Amino acid sequence: MKELGIDTLNNSKVIIARDRKDRPMDEIKKEINKEDNEEYNKECPFCRGNEEQITEETYVIKKNTQWIVKSVKNKYPIIDNNPLNEIKGEHDVIIDTYKHNGNFYNMNEEEFYNLLLVYKKRFKDFKEDENTKYICLFKNYLRDAGASLMHPHSQILSLPFIPPNLEEEYKVCDGFYKKMGINMYKYIIQEEIKYEKRLIYNDVDFLVFVPQVCRFTGDTVILFKDNLYFYEVEDNKLKKLSFILKKLFDKIYEENGNCPFNLYIHAHPVNEENDYRDIYNVHIHIVPRKFNFGGFELSTGMYVSSIKSEDIAKKLKFD
Ligand SMILES: [Zn+2]
Ligand SMILES: [Zn+2]
């Protein structure tokens, strides 16, 4: 049976075709390339010890005098502050860990926590420029997910406008609020807890779940329950979030092996009079690139879902 579904977070149209899950698909390899298996790689610009190969550091966290996580200016930025530019902004690379062979599947809680502290710090710094309207924070893991270098890294950039996907999300929650008189995310939290089968994890500060209809199959959402700006989330909450990331990525690895993925934080606009403070909740999308998209999706702007969110959530559940 084929149905038409709507991703409630962003209003995307999705064709639900459950029988496609039985189509043959190549296995994803569990192991990591041998040459990337060492903690240090002499060719890698992001490795500790190869500092002369990279551009200016913007923030560093050290342990016993040596850096463990840091952000640097992107050498090949999407956006920069060249006075000749029509659009200006900043673009940093965040080196998730000094370990060349580190990744979200093997990092420990403390490593996640330090990384989150850098995310927050650079987010806060970028917001200081009043021309910035949106701060985009994301991570690509493996070439299939868009990563160009193996060494674990994330990216953060500031934009002088609100990008279309976010405009859509703000529009959706604004419309919901005008119609129903409540925050859509609070409503989703309530309903998902009641339904239970799409929940992965739930505590006082976060809800981790797979939305009923997802534009990208397997899209796992970590939702902040309070209406906080990302840059003002308290460090104890980031601690909890690092626990969640550790547990969740253990589960994803168990289920999908060394699967490419994208992770991105969706947050409020900055320096805008109407910033949807009380009706929008910061959340993190984690999209495994196991069920990739192709010509149909690029051609139509529609997505195809073959796996039930309940089945994905069941396998990733933790406590
Ligand atoms: Zn490296
Ligand atoms: Zn979102």
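Fair warning: this is a prediction, and the values are worked out from it, not measured in the lab.

S.K.: What exactly am I supposed to notice about the overall build of the protein here?
M.R.: Counting secondary structure elements, the protein contains 6 helices and 13 strands. Against the globule reference of 20 Å for 319 residues, the protein gives a C-alpha radius of gyration of 20 Å, in line with a compact fold. C-alpha atoms of the protein, sized along the principal axes, occupy 55 × 50 × 40 Å. Looking at the protein as a whole, 35% of its 319 residues are labelled buried. Summarising the internal contacts of the protein: among those between residues at least 6 apart in sequence, 69% fall at separations of at least 24.

S.K.: Help me understand the environment of Thr-217, please; the structure alone is not making it clear to me.
M.R.: Structurally, Thr-217 can be placed in the loop between β9 (206-209) and β10 (220-224). Sequence separation between Thr-217 and Arg-143 is 74 residues, and the spatial gap between their C-alpha atoms is 19 Å. Those residues in contact with Thr-217 that lie beyond four places of it in its chain are Phe-291, Ser-305, Ser-306 and Ile-307.

S.K.: Hey, could you run me through helix α2 (residues 164-180) in this one?
M.R.: Its 17 residues give α2 an end-to-end C-alpha distance of 24 Å, which sits within 8% of 24 Å, the value for a rise of 1.5 Å per residue. Residues of α2 that are buried: Leu-166, Tyr-170 and Cys-173. Looking down the long axis of α2, one finds its buried residues gathered within 70° of arc, a one-sided arrangement. Opposite the packed face of α2, turned more than 90 degrees from it, sit the exposed residues Pro-164, Gly-175, Lys-178 and Lys-179.

S.K.: Just to check I follow, could you spell out the pairing of strand β3 (residues 57-63) for this structure?
M.R.: With 6 bridges connecting them, β3 and strand β4 (residues 66-73) associate as antiparallel partners. Counterpart to Ile-61 in the pairing with β4 is Val-69. Counting the residues that bridge the hairpin from β3 to β4 gives 2 residues, and of these Asn-64 lies at a positive phi of roughly 45°.

S.K.: Would you explain unusual backbone geometry in this entry?
M.R.: Negative phi characterises most residues that are not glycine, and trans characterises most peptide bonds. Of note, Asn-64 is a non-glycine position whose phi angle comes to about 45°, a positive value. Looking at the secondary structure, you find Asn-64 in the loop between β3 and β4. Its identity as a non-glycine residue notwithstanding, Glu-196 has a phi of 75°, on the positive side. By secondary structure assignment, the location of Glu-196 is in the loop between α3 (184-195) and β8 (199-202).

S.K.: How should I be thinking about α3 in this particular structure?
M.R.: Owing to its 3.6 residues per turn, the α-helix brings residues three or four apart onto one side. Counted at 1.5 Å a residue, the expected span for α3 with its 12 residues is 16 Å, and the 16 Å between its end C-alpha atoms agrees. On its buried face, α3 sits against α2, β8, β9 and β10. Two residues or fewer past α3, Glu-196 is found with a positive phi of approximately 75°.

S.K.: Looking at this structure, how should I read the sheet that holds strand β2 (residues 12-17)?
M.R.: In a beta sheet, neighbouring strands pair by backbone hydrogen bonds and run either parallel or antiparallel. Overall, mixed pairing links the 3 strands, which are arranged β1-β2-β13 in an open sheet. Both outer strands of the open sheet, β1 (2-7) and β13 (303-305), are each paired with one neighbouring strand and no more. Sheet twist, expressed as the average angle between the axes of neighbouring strands with direction ignored, equals 35°. Note that β1 and β2 share 6 bridges and pair antiparallel. Residue Asp-7 lies in a different strand from β2, and its bridge partner there is Ser-12.

S.K.: Honestly, the pairing of β8 in this entry has me stumped. Any pointers?
M.R.: Working note: regular strand, side chains alternate between the two faces of the sheet. Two strands pair when backbone bridges link them, and β8 and β9 are joined in this way by 3 bridges, in the antiparallel orientation. Within β9, the position partnered with Tyr-201 by the bridge is Val-208. Where β8 folds back on β9, the antiparallel hairpin that results is connected by 3 residues.

S.K.: Is there a simple way to explain the packing of helix α1 (residues 109-127) against helix α4 (residues 235-256) in this structure?
M.R.: Relative placement of two packed helices is described by the angle separating their axes and the distance separating the axes. For the pair α1 and α4, the least separation of the axes is 8 Å and the interaxial angle reads 125°. Between α1 and α4, the angle is such that the two are oblique. Both α1 and α4 take part in a crossing whose hand is right-handed. Between α1 and α4, the residues in contact are Glu-109, Phe-112, Tyr-113, Leu-116, Leu-117 and Lys-120 and Leu-238, Lys-239, Leu-241, Ser-242, Phe-243, Leu-245 and Lys-246, respectively. A class-by-class count of the residues in the contact of α1 with α4 yields 8 nonpolar, 1 polar and 4 charged.

S.K.: I would appreciate a short explanation of the sheet that holds strand β6 (residues 134-141) in the present structure.
M.R.: Read from one edge of the open sheet, 10 strands run β3-β4-β5-β7-β6-β11-β12-β10-β9-β8, paired in antiparallel fashion. A strand with exactly one partner marks an edge of an open sheet, and here the two such strands are β3 and β8. For this sheet, the mean angle separating the axes of adjacent strands, direction not counted, is 15°. In this structure, β4 lies alongside strand β5 (residues 91-95), joined through 4 bridges in antiparallel fashion. Bridge pairing in β5 links Ser-71 to Ile-94.

What counts, and at which threshold
Residues numbered from 1 in each chain as written. Chains lettered and ligands numbered in written order. Predicted model: local features only at pLDDT ≥ 70, side-chain atom pairs only at ≥ 80, totals over all residues. Helix = DSSP H or I, 4+ residues; strand = E, 2+ residues; numbered from the N terminus. Rg over C-alpha atoms; globule rule 2.2 N^0.38 Å. Buried ≥ 20, exposed ≤ 12 C-beta atoms within 10 Å, placed from the backbone. Contact = placed C-beta atoms within 7 Å. Expected span 1.5 Å × (residues − 1). Arc of directions from axis to C-beta. Pairing = 2+ DSSP bridges. Axes fitted to C-alpha atoms, helices over the stretch in contact; angles between N-to-C directions. Parallel < 35°, antiparallel > 145°, perpendicular 65-115°, else oblique. Left-handed = near helix turned anticlockwise from the far one by under 90°. Nonpolar A, V, L, I, M, F, W, Y, C, P; charged D, E, K, R; others polar.

Geometric values such as these leave the question of function open.
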